[in-house]
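Descriptive structure summary
Below are the chains, spelled out letter by letter.
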Amino acid sequence: MQWKESGRPVPGLHPAASRGPVGWSGLISVILISGLTALSAEAQSAVARESVLLPPWFTATRAIVILAFLLVLAVAVIGWVLSLRHRVRQQTHVIKRNRENELALEERYRRIFESSLTGLYIADAGGTIVDCNDACASILGFASRQDLLEHHDHAELITRHFYDGSGAASSSFGAEHHIHRFDGKPGWVLSMVRPVPRNGDGSTTLEGAVVDVTHRKLADERIEFLAYYDSLTGLPNRTLLQDRLAKALASARRHREKLAVLFLDVDGFKTINDSLGHSYGDMLLQQLATRLQTCAREQDTVCRLGGDEFLIVLGSVEEDIDAAVAAERIARAVNAPFDIQGQTLGVTCSIGISMFPEHGEDAETLIKTADAAMYSSKDGGRNTFRFFTEKLTAEALERLQLDGSLRAAVDDQQFFLVYQPEIDVDTGTISCWEALIRWQHPDLGLVPPDKFIKVAENNGLIVQIGEWVLQTACTQWKRWVESGLVNAPVAVNVSALQFRHEGFCRMVKRVLDDTGLAPEFLELELTESLLFSNEDVMFEILDELKEMGVRLAIDDFGTGYSSLSYLRQFPVSKLKIDRSFIRDLALNGNDVSITAAIINLAKCLKLKVTAEGVENEAQLRFLRKHGCDEVQGFFFSKPLTVAEVTSMSMRSFGLPDMMAKAVAC
């Protein structure tokens, strides 16, 4: 060939290529070169084969095929590498995202763990807490989570109650435990704990939760306490009393012993509440309950029935006198002064006593009979005790019947008034008429005031009844004054509850305005005990009544405990001597002295004095001799109905006879 003959190297080939086998890199270079020159002429191809030592089978066509295959292979490898790289990136992103999610989830659960109101903790098999949240620390009485972990031995003493303390603790759900917290306070928790296997080596950890149920348990205990005990005094209430009294009765029957039930009521407790306030009354009841418990024996029961009523059950009583001695001891304890916020209070009590089996064989009967005996004690002057009798049962039933009937008596117009004159001893003229209420019961007939007035005071109807009496008397008196039938005032008795009722003075003024009766024709009679129950309030009301022009009198004088220093300050114009002193003037020297002293006292205070219950000439003669101003009683006239006063003339009425009786003596 021309190129070979010239002896010059073939362009594009290195001379060294002819000096040995071709390496992989050279082969690839040759293949690439061959591929580039594949389209050259056959001559060039031949020259190239001659110039380069190539295998005989390595033709241009095969070189092109190999080149194409390598190109395809290279593209495939590049594609696979790119795909693999993309997949690696995707997997890396997924792994990174999963890791971030795991971290976020872990953080979220950590926040839930730490901020949960439920106490959560993790402990090893021995019970030592290795981790917990702040709620767990607080519930167990620690200041913080770190404080609990630092005192894990104390925490272990608490949590050990939640399981059996062994490494093989079993699951427990909803178990309540009473714990002593680390801060020393008692508490209640609802505990849930379960063992969790660890690391597949057979060991376990304990995952626990505690919920503070202290407030609920305390509320339950409070509810249970209130179901059986009085909230104010802490004494047993009626429910617990029934149970204890039933057991005491069973024991008394079994041992053939007596049992006493004492029913105690504080005298004048309402006055303390009204004058000092209910807070003082509550503190008085608390101190009284303490004193009663001190007086009771271990086998006795002291309970509060309600208000100012207490009941004491005395077990193992040999004789009735033992119950009387106990009642006397209790009364002395009650009579001792009470110190209420620096103020000294003196109170008394009335006690009724019933005995088993004489007065009843069951709890209800014994309580009822003791209650009746207590009312008898109050009626007998208070500050004393009395045993039950059958007569008291009849009185209690009658009182109950009257209580129910009183509520309809006013509306059904079952009440009416009668009037009894008071006679001037010197002139024999009528100086005043006393209005007296009567009750015509549809079944019981005529009921005397001494029976139903106390019932009305107990149930509060006395205020309504008293207003009716005042309204009726003033209305009637207005008509009689205008007709010229009477020219003396009418006296109306005022109950203590009515007098203390708010707006009493306004009520009196309203009645006078409605009826048109002049105030000088109205006289209000107030009992001695009422006036001296609360002097400061009395002065204010009495002064207001006096300014209206209403006359005031002290009724039943001598039965109370008057203070002369206060008596001379009261704006009253008359004292009425109680009929109990007049009745026995001829038989009792003490009544003679007391009556004479009252008359002299009235004269010194420039007050008129009226004697009630004059029934014979000897009494009238005595009263006239000692200077009594006025007398009243059956010796002159019984109480007269409206018809009797209206239909009779003064002569037929007997005025001349009254004057003759009064003047002649």
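Residues numbered from 1 in each chain as written. Predicted model: local features only at pLDDT ≥ 70, side-chain atom pairs only at ≥ 80, totals over all residues. Heavy atoms only, no water.

What follows is about the nonpolar core. V508, L522, L524 and V631 are the most contacted members of the largest nonpolar core, which totals 77 residues. In terms of residue count, helix 16 (residues 462-483) provides more of this core than any other element does, 8 residues in total. Look past the residues within four positions of L524 in its chain and what remains in contact with it is L470, V492, V494, F504, V508, L545, V550, R551, L552 and A553. By size, the runner-up hydrophobic cluster in this structure holds 34 residues, among which are F269, I272, C295 and V317. (Core = buried A, V, L, I, M, F, W, Y, C linked by side-chain atoms within 4.5 Å. Buried < 20%, exposed > 50% of the residue type's maximum accessible area, 1.4 Å probe, protein only. Helix = DSSP H or I, 4+ residues; strand = E, 2+ residues; numbered from the N terminus. Contact = heavy atoms within 4.5 Å.)

Next up on the list: the environment of A123. The topology assignment puts A123 in strand 1 (residues 119-124). Beyond its immediate stretch of four places on either side in the chain, A123 contacts T128, I129, V130, T205 and L206.

Moving on, we get to the packing of helix 16 against helix 18 (residues 504-515). For the pair helix 16 and helix 18, the least separation of the axes is 9 Å and the interaxial angle reads 30°. With respect to each other, helix 16 and helix 18 are oriented roughly parallel. The hand of the helix 16/helix 18 crossing is right-handed. Residues E467, L470, Q471, C474, T475 and K478 of helix 16 lie in contact with helix 18, whose contacting residues are M507, V508, R510, V511, L512, D514 and T515. (Axes fitted to C-alpha atoms, helices over the stretch in contact; angles between N-to-C directions. Parallel < 35°, antiparallel > 145°, perpendicular 65-115°, else oblique. Left-handed = near helix turned anticlockwise from the far one by under 90°.)

Turning our attention to the packing of aromatic side chains. Applying the stated rule across the entire model yields 12 aromatic pairs. Arranged with centres 4.4 Å apart and planes meeting at 10°, the rings of F142 and F182 form a pair that is stacked. Taken together, the residues span a long stretch of sequence, with F142 in the loop between helix 5 (134-139) and helix 6 (145-150) and F182 in the loop between strand 3 (172-180) and strand 4 (186-198) at a distance of 40 residues. With relative accessibility at 31%, the residue F182 sits in the partly exposed group. Ring geometry for Y419 versus W480: centroids 5.5 Å apart, planes at 65°, classification edge-to-face. Of this pair, Y419 sits in strand 13 (residues 415-424) while W480 sits in helix 16, placing them 61 residues apart in sequence. We classify Y419 as buried; its relative accessible area is 1%. A connected cluster of aromatic rings, assembled from ring pairs, spans F415, W439, F452 and W468. (Phe/Tyr/Trp six-rings, centres within 6.5 Å; stacked < 30°, edge-to-face > 60°.)

Okay, the pairing of strand 16 (residues 490-494) next. Burial analysis of strand 16 places 4 of its 5 residues in the buried class, which makes it a mostly covered element. In this structure, strand 16 lies alongside strand 17 (residues 522-527), joined through 5 bridges in parallel fashion. Residue pairing in the sheet places V490 in a bridge with L522 of strand 17. (Pairing = 2+ DSSP bridges.)

Before going further, it helps to spend a moment on the confidence of the model for the protein. The share of residues in the protein with pLDDT of 70 or more is 83%, and the mean pLDDT across the chain is 81. No element of the protein has a lower mean pLDDT than helix 1 (residues 2-5), which averages 39, and none a higher one than strand 6 (residues 258-266), which averages 94. With pLDDT under 50 throughout, residues 39-43 is counted as low confidence; its partners more than four residues away or in other chains account for 2 contacts. In this model, residues 649-654 is a region of pLDDT below 50 whose contacts with residues beyond four sequence positions or in other chains number 9 contacts. (pLDDT = per-residue confidence, 0-100.)

The next subject is unusual backbone geometry. Here the residue pair F356 and P357 is connected by a cis peptide bond, since its omega of 10° sits within 30 degrees of zero. Mapping P357 onto the fold places it in the loop between strand 11 (349-356) and helix 13 (363-379). In the Ramachandran plot, Q341 falls in the positive-phi region, its phi being about 50° despite a non-glycine side chain. Here Q341 is to be found in the loop between strand 9 (338-340) and strand 10 (343-345). Accessibility expressed as a relative area gives 59% for Q341, which makes it exposed. Its identity is not glycine, yet Q413 carries a phi of approximately 55°, on the positive side. The topology assignment puts Q413 in the loop between helix 14 (390-409) and strand 13. The exposed category is assigned to Q413, whose relative accessible area is 71%.

Residues F69, L70, L73, V77, W80, V81, L84 and V88 make up a contiguous nonpolar surface patch of about 720 Å² in total accessible area. Tracing the backbone through its elements, the reader meets V81 in helix 4 (residues 60-115). Look at V81 and you get partly exposed, because its relative accessible area is 40%. (Patch = residues over 30% accessible without salt bridge, like charges linked within 9 Å, V, L, I, M, F, W, Y side chains within 5 Å. Areas by Shrake-Rupley, 256 points an atom, 1.4 Å probe, with all protein chains shown as cover. Salt bridge = Lys/Arg side-chain N within 4 Å of Asp/Glu carboxyl O.)

Turning next to the packing of helix 10 (residues 269-276) against helix 11 (residues 278-295). Relative to each other, helix 10 and helix 11 sit at 140°, their axes nearing to 6 Å. With respect to helix 11, the element helix 10 is oriented oblique. Contacts between helix 10 and helix 11 pair F269, I272, N273 and L276 from the former with H278, Y280, G281, L284 and L285 from the latter. Among the residues making up the contact of helix 10 with helix 11, the classes are represented as 6 nonpolar, 3 polar and no charged. (Nonpolar A, V, L, I, M, F, W, Y, C, P; charged D, E, K, R; others polar.)

Let's shift gears to the pattern of salt bridges. Counted according to the given criterion, the structure contains 33 salt bridges. A salt bridge links E176 to R216; the shortest N-O distance between them is 2.2 Å. You can see E176 sitting in strand 3 and its partner R216 sitting in helix 8 (residues 214-228), a full 40 residues away along the chain. Classification of E176 by relative accessible area gives partly exposed; the value is 34%.

With that out of the way, let us pick up the sheet that holds strand 12 (residues 385-387). A sheet is described by the order of its strands in space; here 5 strands give the open sequence 7-8-6-11-12, paired in mixed fashion. Each having just a single partner strand, strand 7 (301-306) and strand 12 make up the two edges of the open sheet. Averaged over all adjacent pairs, the angle separating strand axes in this sheet is 20°, with direction ignored. Where strand 6 meets strand 11, 8 bridges bridge the pair, whose relative direction is antiparallel. Within strand 11, the residue paired with D265 across the bridge is S350. Along the sheet face, helix 12 (residues 320-335) touches strand 6, strand 8 (309-317), strand 11 and strand 12 and points at about 160° away from the line of strand 11.

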